[in-house]
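Summary of the model geometry
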Amino acid sequence: MKKKTLIRSGVSLVPILVLVAILAVNISIYGSDSILGASQVALLFASAVCIALSMWVFKTPWKEFEAAIRENVADVTSAILILFLIGAISGTWTGSGVIPTFIYYGVQLIHPKFFLLTACVICALVSVMIGSSWTTIATIGVALLGIGRAEGFSDGMIAGAIISGAYFGDKISPLSDTTVMASSLNGVPLFSHIRYMMLTTVPSMIITLLIFGVLGLTHGGGDTSQIGIYTEVLSGTFHISPWLMTVPLLTGVMIARRWPALIVLTLSTLLAGITALIAQPHIIREIGLSLTDGPAWKVQFGGLVSTIFDSVSIDTGNEEVNSLVASRGMVGMLNTVYLIICAMCFGGTMKASGMLRHLASLLLPLVKNRFGLVTSTVFTGTALNGIVSDQYLAIILTSNLFKDIYEKEGYDERLLSRSVEDSASITSPLYPWSSCGMTQATILSVPTLTYLPFCFFNILSPLMSIFVAAAGWKIIRKVQGTKP
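All figures in this text were calculated on a predicted structure; none of them were measured in a lab. (Residues numbered from 1 in each chain as written. Predicted model: local features only at pLDDT ≥ 70, side-chain atom pairs only at ≥ 80, totals over all residues. Heavy atoms only, no water.)

Concerning the overall build of the protein
Of the regular secondary structure elements, the protein holds 24 helices and 0 strands. In the protein, buried positions account for 57% of the 484 residues. Considering only residue pairs separated by 6 or more positions, the protein has 76% of its internal contacts joining residues 24 or more positions apart. As displayed, the protein offers around 19,500 Å² of accessible surface, 68% of which is attributable to carbon and sulfur atoms. (Helix = DSSP H or I, 4+ residues; strand = E, 2+ residues; numbered from the N terminus. Buried < 20%, exposed > 50% of the residue type's maximum accessible area, 1.4 Å probe, protein only. Contact = heavy atoms within 4.5 Å. Areas by Shrake-Rupley, 256 points an atom, 1.4 Å probe, with all protein chains shown as cover.)

Following this line, the structure appears as structure tokens:
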């Protein structure tokens, strides 16, 4: 029996190894662009290998694969709708001037004595607003890097502060595709997932800010001319007003009242769309004129609808600011949706074949208690970032691998989704060969190993997840209804 189990476990590893091998080749060819299609092909091919092996070795009927794939895809339909609405918000919040206004006031918080701390906070705030660590780093991050260098900070310190803030904001933003993915894959409502993450994320960020505060106090002086350029360009392009913050404020109220994510995102999109017509009619008109030369109402209507569904670029006269205020729209979310569907196919085939169960059985000796379970999850999510070189796939594989174990042990799904975010979402930029590591190192022109020691938030998050698990803080075991 033991020999048979080992054979089954060995066979179960084959699709994973095939996936890793194809991803390695894809990364070498496409780099960070592998997510645009190459990773999806790898997932589908690995699914085919899983099905072929299972039908041959385990005699699994085809109908079981069909049913499992259909069930898996059905489970993420809400997440797909949420992703499309996130794209819509990205466009309407930009077109209405909400994001430009937020950036305008945010970058003016710079103070030479607290540069590292302030840089981290600014990147965190911008990342929360736009839901993208990559965009934050490539725009505001690049500007802050120049300022930090002028003030005499090392490249590693500056990049560490930028990346720490950007990934904190990305992690807790309802506009982040990785946050939506981690919550949906594990069956956790989006805002419930974000609230539960605060228990580990906020302490990690507080410690991070304290460290950067101490490091920053040893430095002083500097040139903030680049920040002045940003604010001048933004105010010259958009109508900047504190009143525009009403849109995110009302959105926050709806979130605090625990309204369903689909309702909140839909209402926020509509509110921002109306605000765009009132506060930024010239922006909407400019977008509309690229589509039609009809009457004014038609131009405005076309411009508004385009900000919702299409990827829109606004010419501010400054390339860096153009990147910051470019919106993805619903179209910009298609690659992530494509990836999720292919991942659900892979997860479905692994589940139907029983291979996922066999792989999970190898981890059972390590999950005899709460501490071992969370530690194993965090270690797996972190390790998979280095193995598959992509945070999206690390999130998917870790979730699929541990979902049944958490359910069997009776732990809340939020514990799994949080543990996955604390590891798979956060540690990717720490690997020089991962898509995130390569991208951030290229954007900032700072080697990964140079900024790694200063990415305090990215290092602390997985450790904090393990610490909170050991303490048992707010961890409920559903089977018993009490703290384990």
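Now that the structure has been shown, we can carry on.
Quick notes on the environment of threonine 398
Its place among the elements puts threonine 398 in helix 20 (residues 391–409). Residue threonine 398 is classed as buried on the basis of its relative accessible area, which comes to 0%. Here threonine 398 is in contact with Thr377, Thr380, Gly381, Leu384 and Val420, once residues within four sequence places are set aside.

Quick word on the packing of helix 6 (residues 115–130) against helix 10 (residues 190–216)
For the pair helix 6 and helix 10, interaxial distance at closest approach is 7 Å and the crossing angle is 145 degrees. Residues Leu116, Leu117, Cys120, Val121 and Ala124 of helix 6 form the contact with helix 10, whose own contacting residues are Met205, Thr208, Leu209, Phe212, Gly213, Leu215 and Gly216. When the residues that make up the contact of helix 6 with helix 10 are grouped by side-chain class, the tally is 9 nonpolar, 3 polar and no charged. (Axes fitted to C-alpha atoms, helices over the stretch in contact; angles between N-to-C directions. Nonpolar A, V, L, I, M, F, W, Y, C, P; charged D, E, K, R; others polar.)

Examining the environment of threonine 201
Residue position: threonine 201 is located in helix 10. Classification of threonine 201 by relative accessible area gives buried; the value is 0%. Measuring from C-alpha to C-alpha, the distance between threonine 201 and leucine 460 comes to 9.0 Å, with 259 residues separating the pair along the chain. Other than its neighbours up to four places away in sequence, threonine 201 contacts Phe168, Lys171, Ile172, Asp422 and Phe457.

With respect to helix 21 (residues 413–425)
Under the 1.5 Å per step criterion, the end-to-end length of helix 21 is 17 Å for 13 residues, consistent within 8% with the ideal 18 Å. Of all 13 residues that make up helix 21, 11 are buried, and the element is covered over most of its length. Turning to helix 21, its buried residues are Leu415, Leu416, Ser417, Arg418, Ser419, Val420, Glu421, Asp422, Ser423, Ala424 and Ser425. At the N-terminal end of helix 21, a side-chain oxygen is found 2.9 Å from the backbone nitrogen of arginine 414, two or three residues along, and the residue is aspartate 412. (Expected span 1.5 Å × (residues − 1). Polar contact = N/O pair within 3.5 Å; in protein donor to acceptor, adjacent residues only side chain to side chain.)

Observations concerning the side chain of aspartate 422
Assignment of secondary structure puts aspartate 422 in helix 21. Polar contacts involving the side chain of aspartate 422 include one to the side chain of serine 465, which spans 3.1 Å. Those residues in contact with aspartate 422 that sit more than four places away from it in its chain are Lys171, Thr200, Thr201, Ser461, Pro462 and Ser465.

Quick notes on empty space enclosed by the protein
Evaluation of the coordinates by the stated rule reveals 1 cavity of 30 Å³ or more. For the lining of the largest cavity, the elements supplying multiple residues, two or more each, are helix 8 (155–172) and helix 21. A class-by-class count of the residues in the lining of the largest cavity yields 2 nonpolar, 3 polar and 3 charged. (1 Å grid on protein atoms, 1.4 Å probe; cavity = no way out; pocket = protein on both sides within 12 Å on 5 of 7 lines; lining within 4 Å. Points joined across faces, edges and corners; volume = space filled by probe spheres on them.)

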